[in-house]
Amino acid sequence: MTDHLILGAMFRAVGAYPSGWRFPGAHHDPRDDAAVLRRTALAAEAAKLDYIFFGDWLATGHDLEFRDPYLLARIDPVSAIAHLSGVTERIGLIATANTTYFDLYTLARLTASIDRLSDGRAGLNLVTGAEPRAAGNHGRDAHAPNEHRYDQATEFVDALTRLWDSWEDDAFVLDQGTGTFIDPDRLHRTDAVGEHVRVTGPLNVARPVQGRLPIVHAGTSPRSRQLAAEAADLALIAAPSREAAVQIRAGLREAAASAGRPSGALKVVTPVLPVVAPTRALAQDIFDELLRLVPLDDGSPLSRSAAFPANRSVASLAGTVGTELGAAGLDDAVPASVAAAFNDDGQRLIELVASRTRRRVGGDLPVTYRHLIASNAVPAAAVVGSSSEVADHLESWFTSGAADGFNVLTPYLPAQFDAFTHDVVPELQRRGLFRTEYEGTTLREHLGLPVPANTHTVDELVDARG
Ligand SMILES: Cc1cc2nc3c(=O)[nH]c(=O)nc-3n(C[C@H](O)[C@H](O)[C@H](O)COP(=O)(O)O)c2cc1C
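The sections below set out a description of the structure shown in this document.

The rules behind the values
Residues numbered from 1 in each chain as written. Predicted model: local features only at pLDDT ≥ 70, side-chain atom pairs only at ≥ 80, totals over all residues. Heavy atoms only, no water. Helix = DSSP H or I, 4+ residues; strand = E, 2+ residues; numbered from the N terminus. Buried < 20%, exposed > 50% of the residue type's maximum accessible area, 1.4 Å probe, protein only. Contact = heavy atoms within 4.5 Å. 1 Å grid on protein atoms, 1.4 Å probe; cavity = no way out; pocket = protein on both sides within 12 Å on 5 of 7 lines; lining within 4 Å. Points joined across faces, edges and corners; volume = space filled by probe spheres on them. Nonpolar A, V, L, I, M, F, W, Y, C, P; charged D, E, K, R; others polar.

## A word on the side chain of Thr40
Examined against the element boundaries, Thr40 turns out to sit in helix 1 (residues 33-46). Assessed through its relative accessible area of 6%, Thr40 is described here as buried. Thr40 has contacts with Phe11, Ile52, Leu413 and Phe417, leaving out every residue within four places of it along the chain.

## Overview of unusual backbone geometry
Cis geometry marks the peptide bond from Gly201 to Pro202; its omega dihedral reads -5°. Along the polypeptide, Pro202 turns up in the loop between strand 8 (198-199) and strand 9 (215-218). Positive phi is not limited to glycine here, since Leu174 has a value of about 55°. The residue Leu174 is located in strand 5 (residues 172-175) in this model. Of note, Asp191 is a non-glycine position whose phi angle comes to about 50°, a positive value. The residue Asp191 is located in the loop between strand 6 (180-182) and strand 7 (192-193) in this model. Overall, the relative accessible area of 41% leaves Asp191 in the partly exposed class.

## Here's the deal with the layout of surface pockets
Of the voids in this model, the second largest pocket is the one considered here, and its volume is about 620 Å³. When contributions to the lining of the second largest pocket are tallied by element, the ones reaching two or more residues are helix 6 (146-164) and helix 7 (222-231). In terms of residue count, helix 6 provides more of the lining of the second largest pocket than any other element does, five residues in total. Taken together, the residues of the lining of the second largest pocket sort by class into eleven nonpolar, six polar and nine charged.

Rendered as structure tokens:
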């Protein structure tokens, strides 16, 4: 565990909660994302966050409109971090790249370049992708199956590391007197000839400032966990509960140790979506409104659109809670007698709404079918409360070994990000859980990761020892 927790801002311009863009005052036009991108990065840096993080998705379409509107139209992540390298000075900049589709040499060039441009602040989240339409956008017949994608990813990350290592640090002789620019013995070809990845190298960019950019991996399958254990510095893991997260993190650390990595080499961060206000009641009112703004099947032309998700009706809720709901209206209160007949999933849903809003079954502010349906349709790692309550949550996950840190999602920008950075971060600082100043200059230093030796130098040492 690092001495302080890791905090990254997971940037989704039109909000990470699907109805966030509808919240009064929320940024909602993707054509204006650039300004919000800069503002958020500067706010994250002022709060001393470890990094700002950009996910990616290699296709778009109408079907994303209601489920994941933030994926519809967005600035490419590598472009975003290249831009931010000139706008910010200290914060880490992490872009996602898909190993199934990205050209390896191009990605190595881009990322080594951005690491140079940012003085060592770039990081790379490698994913294998879950979007089948990506195939059509990249000249492939079909999205490859999981095993194939992870075989490719394993070769990809190995060759990427060796491409970054093309130039040893003392390869640049730069003797103006003799005219010797480089020592060719210290420039290395890559010569990766795998089943999926082939690249000759060397890379035409000097070795990154960080030697190797911190590698993040996000995924869910057993192969994903294996790749994270072997090759990632940060694993981005979503867990259904703190107890599950403790288990997953312990398993990952054990797998990393089995792969011969030193203890603490792999850190685990988990997504969290804080909804923060000066009091818990006010935060609950915000979440209540976010739920109310999730479009549901009310028979309107919008809800008859082909893209409308199937799980947003009273009938679909009836299936989840295992009870006939007849002709109940979306905004009807759920009567106590009906709620009592719900199955376990239904009871959990009621508890979830009760913990995130001020609504109670049979209360003055009643739980409505709308709130249950929206909660069920939009799973979110939401933590709703005052700044000290949100800090309590983060602290308990950190100190119980559930996570080394958090990728902070923001339901809508900019107000909720400001609430997090202005109120929650200082609370974490007061508790000694988070830095008050950047101590290092690179992303590796922020994360407490040493600079790895150049693989070619290490090989040479091994050779020399015979
Ligand atoms: C919290 C989290 C965030 C992720 N973000 C992305 C992303 O931005 N882009 C992407 O292609 N995959 C992302 N993934 C990973 C995909 O979901 C993953 O590639 C997909 O699940 C296929 O890998 P799997 O078979 O290991 O699950 C993310 C995963 C998690 C857990």
